[in-house]
Amino acid sequence: MFIINQVLKADKIPAGKGEKLFKQHIAWFTKHFEQGDFLLVGPYTDKEMAGIMISGAETREAVDEILREDVYYAGGMADYEVRSFKAAMISPSLAECAGK
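Right, let's walk through the structure included here. All values reported here derive from a predicted model rather than from experimental measurement.

1. A short note on the sheet that holds strand 2 (residues 38–43)
- The 4 strands are arranged 2-3-1-4 in an open sheet whose pairing can be described as antiparallel. Bordering the open sheet on either side are strand 2 and strand 4 (78–84), each of which pairs with just one other strand. Averaged over all pairs of adjacent strands, the angle between their axes in this sheet comes to 15°, without regard to strand direction.
- The pairing of strand 1 (residues 2–8) with strand 3 (residues 50–55) spans 6 bridges and is antiparallel. Bridging from a neighbouring strand, Phe-2 pairs with Ser-55 of strand 3.
- Relative to the sheet, helix 1 (residues 18–34) contacts strand 1, strand 2 and strand 3, its axis offset from that of strand 2 by approximately 150°.

Now the structure itself:
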């Protein structure tokens, strides 16, 4: 599994394009969530223009391929930190955390 921290670079986002790019970003992560590539997606509440994704992808290469599709990736408009981890424990109540 992989945890992905994404932080947008406000100075790299072209003027007047922020809303359009964000809509494309939402479509991208929604697609990958619905396909099962992302198991959890959400914005940070203590940091603007940043969020987290958890992926159950088999390899780092698979994660990199997914990230390359993000509208922010090609233009260097975001930093992505990808860390591999092993889910040693998963609470059965995880789904109850949605929206919190």
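Now that the structure has been shown, we can carry on.
2. As for the packing of aromatic side chains
- Per the counting criterion, the structure on display carries 2 aromatic pairs.
- When the centroid spacing of 5.5 Å and the interplanar angle of 75° are considered together, the rings of Trp-28 and Phe-38 count as edge-to-face. Here the residue Trp-28 occupies a position in helix 1, and Phe-38 occupies one in strand 2, the gap between them amounting to 10 residues.
- Residue classification places Trp-28 among the buried positions, given a relative accessible area of 6%.

Criteria and cut-off values
Residues numbered from 1 in each chain as written. Predicted model: local features only at pLDDT ≥ 70, side-chain atom pairs only at ≥ 80, totals over all residues. Heavy atoms only, no water. Pairing = 2+ DSSP bridges. Helix = DSSP H or I, 4+ residues; strand = E, 2+ residues; numbered from the N terminus. Axes fitted to C-alpha atoms, helices over the stretch in contact; angles between N-to-C directions. Contact = heavy atoms within 4.5 Å. Phe/Tyr/Trp six-rings, centres within 6.5 Å; stacked < 30°, edge-to-face > 60°. Buried < 20%, exposed > 50% of the residue type's maximum accessible area, 1.4 Å probe, protein only.

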